[in-house]
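# Summary of structural features
For reference, the chains in residue letters:
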Amino acid sequence: MTYILGIESSCDETAASVVIDGRTIASNIVASQIDLHAEYGGVFPEVASRAHAEAIGLVVEQAVSDAGIGYEQLDAIAVTRGPGLVGSLLVGINYAKGLALMTGKPLLPINHLEGHIYSLWLTKPFHEPDFPILVLIVSGGHTELLLMTGHGQYEHLGGTIDDAAGEAFDKVGRLLKLPFPGGPHIERSGRNGNATAYDFPRAMRDTSYDFSFSGLKTAVMREVTVQPSAQARTKRKRGAEKRAQLKHDVSISDIAASFQAAVTDILVEKTVRAAQEFGATEIFLAGGVSANTMLRMKMRKESQLPVRYPPLNLCTDNAAMIAAAAHHRIQLGLTSRIDFDVLPMWNLNADTYSE
């Protein structure tokens with residue numbers, strides 16, 4: 001059996017996990033920072049990196065302990081190299097490097113997006129897919145369409161040109177005065193709403209595989225808030241949606257349902273079209289927004305292909321997915337020197353393993 005310790009600290013979750021043979025989770029520890037960032041309505045980078053530094057030692061020790069092994073039984077250590085927040089990534093990487101030097105175990109830098117993909121390999125039951133696979137990664141920081149033609153082989157088809165889908169959920173959540181993060185609270189609010197009450201735009205409904213959600217957020221803002229005077233608009237700064245005044249007659253549930261419909265419509269439409277064009281055998285959903293029930297239901301309904309997505313506890317950032325990705329990297333014979341640096345804008349494509 002192969003034991004890999006995964007460490008994840010790309011954003012606001014300090015996580016460590018031990019995974020056996022890339023398929024079985026022996027432990028999975030996540031220290032969340034949601035309460036720390038709630039007052040900001042989003043992740044505050046300096047607060048995140050400090051919280052990682054405070055938590056990472058205890059989180060890693062708990063993961064190894066819960067797995068019932070010692071450090072000497074590990075076959076490798078894996079850590080998220082990017083993409084993500086620089087300060088947060090540095091905490092995880094520096095701790096992993098120190099641990100690798102102390103134990104003599106090989107250290108593998110893993111792309112966070114690839115980790116999300118390999119969260120699907122941790123589902124039970126699991127059968128090895130026939131490539132190519134069409135992958136949609138949707139989270140707070142990413143909206144990516146990828147064609148996966150084999151392990152470690154990716155072709156980038158499209159992505160967001162502005163806000164990621166999860167970022168749009170968070171911003172609209174602030175507009176509606178809902179708690180952070182916005183995604184689960186918008187979904188909850190929209191369950192009793194009318195998804196056709198508001199005709200919000202479906203941006204970039206074209207032949208490309210790119211996405212845009214900033215205009216949708218602006219459309220929601222104009223619909224639900226009291227518009228400021230011209231003088232007030234000139235003073236508006238980042239985070240204005242948090243301070244915006246809601247109209248008295250706004251139906252939060254209808255807005256939430258209609259907004260969800262607009263986001264999921266365009267995600268499903270482009271994903272299904274790409275799967276058909278490139279001859280995919282399956283569609284994989286991954287990332288925090290893949291937990292959205294409306295997205296899952298629409299994708300299954302509109303696609304004639306099998307649709308897979310992780311269990312809810314593996315949709316958001318975790319270290320089990322990092323360890324699972326590392327297992328397949330080892331299977332491909334890929335190794336790394338220990339003197340690598342962070343890559344906060346690391347794209348997942350054919351050149352990911354070119355080093």
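So, here's what we can say about the structure.

Cut-off values and rules
- Residues numbered from 1 in each chain as written.
- Predicted model: local features only at pLDDT ≥ 70, side-chain atom pairs only at ≥ 80, totals over all residues.
- Heavy atoms only, no water.
- Helix = DSSP H or I, 4+ residues; strand = E, 2+ residues; numbered from the N terminus.
- Buried < 20%, exposed > 50% of the residue type's maximum accessible area, 1.4 Å probe, protein only.
- Contact = heavy atoms within 4.5 Å.
- Areas by Shrake-Rupley, 256 points an atom, 1.4 Å probe, with all protein chains shown as cover.
- Lys, Arg positive; Asp, Glu negative; His and termini not counted.
- Charge placed at Lys NZ, Arg CZ, Asp CG, Glu CD.
- Pairing = 2+ DSSP bridges.
- Axes fitted to C-alpha atoms, helices over the stretch in contact; angles between N-to-C directions.
- Left-handed = near helix turned anticlockwise from the far one by under 90°.
- Nonpolar A, V, L, I, M, F, W, Y, C, P; charged D, E, K, R; others polar.
- 1 Å grid on protein atoms, 1.4 Å probe; cavity = no way out; pocket = protein on both sides within 12 Å on 5 of 7 lines; lining within 4 Å.
- Points joined across faces, edges and corners; volume = space filled by probe spheres on them.
- Expected span 1.5 Å × (residues − 1).
- Bend = angle between axes of the 7 residues up to and from the residue.
- Core = buried A, V, L, I, M, F, W, Y, C linked by side-chain atoms within 4.5 Å.
- Salt bridge = Lys/Arg side-chain N within 4 Å of Asp/Glu carboxyl O.
- Phe/Tyr/Trp six-rings, centres within 6.5 Å; stacked < 30°, edge-to-face > 60°.

What follows concerns the overall build of the chain. Looking only at helices and strands, the chain has twelve helices and ten strands in total. Across its three principal axes, the chain shows a C-alpha extent of roughly 65 × 45 × 35 Å. When each of the 355 residues of the chain is scored for burial, the buried share is 54%. For the chain, the share of sequence-separated contacts (at least 6 apart) that also reach a separation of at least 24 residues comes to 72%. With the model as given, the accessible surface of the chain reaches about 15300 Å², and the carbon-plus-sulfur share is 51%. In the chain, which carries 32 positive and 39 negative side-chain charges, the distance between the mean positions of the two groups comes to 7 Å.

Here we take up the sheet that holds strand E9 (residues 282–286). With respect to topology, five strands assemble into an open sheet ordered E8-E7-E6-E9-E10, the strand pairing being mixed. Strand pairing shows two members of the sheet lacking a second neighbour, strand E8 (153–159) and strand E10 (307–308), which therefore form its edges. Taken together, the six bridges between strand E7 (residues 143–150) and E8 define a ladder with antiparallel strand orientation. Directly across from leucine 146, in E8, lies its bridge partner histidine 156. Across the face of the sheet, helix H10 (residues 252–277) comes into contact with strand E6 (133–138), E7, E8 and E9 while running at roughly 160° to E6. Across the sheet, helix H11 (residues 293–302) lies against E6, E9 and E10, angled at about 175° from E9, the strand it touches most.

So, on to the sheet that holds strand E5 (residues 107–111). The sheet built from five strands is open, its strands ordered E3-E2-E1-E4-E5 with mixed pairing. Looking at which strands have only one partner, the edges of the open sheet turn out to be strand E3 (24–32) and E5. Ignoring strand direction, the axes of neighbouring strands in this sheet form an average angle of 20°. Most of the contacts of helix H3 (residues 86–103) go to strand E4 (residues 76–82), to which it runs at about 160°, and overall it touches strand E1 (3–8), E4 and E5.

For any two helices packed against each other, the geometry is given by the interaxial angle and the distance between the axes. One can describe the packing of helix H5 (residues 165–175) onto helix H6 (residues 182–190) by two numbers: an axis separation of 8 Å at closest approach and a directional angle of 65°. Here the hand of the crossing between H5 and H6 comes out left-handed. When H5 is examined against H6, the residues Phe169, Asp170, Val172 and Gly173 are found in contact with a partner set consisting of Gly182, Gly183 and Ile186. Taken together, the residues that form the contact of H5 with H6 break down as three nonpolar, three polar and one charged.

To continue, consider empty space enclosed by the protein. By rolling a water-sized probe across the atoms, one finds the places where empty space is left. Within the structure shown, the criterion is met by one cavity of 30 Å³ or more. Each pocket or cavity is described by its volume, and for the largest cavity that value is around 40 Å³. Pro201, Arg202, Ala203, Ser212, Phe213, Leu216, Ala262, Val263 and Ile266 together form the lining of the largest cavity. Residue composition of the lining of the largest cavity, grouped by class: seven nonpolar, one polar and one charged.

In this model helix H2 (residues 45–66) runs 30 Å from its N-terminal to its C-terminal C-alpha over 22 residues, within 8% of the 32 Å that 1.5 Å per residue would give. Remark: the principal bend of H2, roughly 45°, maps to alanine 55. All buried positions along H2 are accounted for by Ala48, Ser49, Ala51, His52, Ala55, Ile56, Gly57, Val59, Val60, Ala63 and Val64. Lining the buried residues of H2 we find E1, strand E2 (13–20), E3, helix H1 (34–37) and H3. Looking at the residues trailing H2, positive phi occurs at glycine 68, about 75°.

Turning to the nonpolar core, a few remarks are in order. In this structure, Leu134, Phe213, Val220, Phe259, Leu267 and Met299 are the most contacted members of the largest nonpolar core, which totals 43 residues. Elements represented by at least two residues in this core include exactly E6, E7, H5, helix H7 (214–224), H10, E9 and H11. By size, the runner-up hydrophobic cluster in this structure holds 30 residues, among which are Ala76, Ile110, Val135 and Ala323.

Right, let's get into the pattern of salt bridges. All told, the structure shown has ten salt bridges when counted by the stated rule. A salt bridge links lysine 298 to aspartate 265, with the shortest nitrogen-to-oxygen separation between them at 2.5 Å. Of this pair, lysine 298 sits in helix H11 while aspartate 265 sits in helix H10, and the two are 33 residues apart along the sequence. The partly exposed category is assigned to aspartate 265, whose relative accessible area is 22%. Members of the salt-bridge network, linked through shared partners, are Asp163, Glu167 and Lys171.

With that settled, consider the side chain of lysine 97. Among the structural elements, lysine 97 can be located in helix H3. The side chain of lysine 97 is buried and forms no salt bridge, while aspartate 341, the nearest opposite charge, is found at 5.8 Å. Once you skip the residues sitting within four places of it in the chain, lysine 97 turns out to touch Leu107, Ile338, Asp339 and Phe340.

Applying the stated rule across the entire model yields seven aromatic pairs. With centroids separated by 5.6 Å and ring planes inclined at 5°, the aromatic side chains of tyrosine 198 and phenylalanine 200 adopt a geometry described as stacked. For tyrosine 198, a relative accessible area of 18% translates into the label buried. Chaining the aromatic ring pairs together yields one cluster made of Tyr118, Trp121, Phe126 and Phe284.

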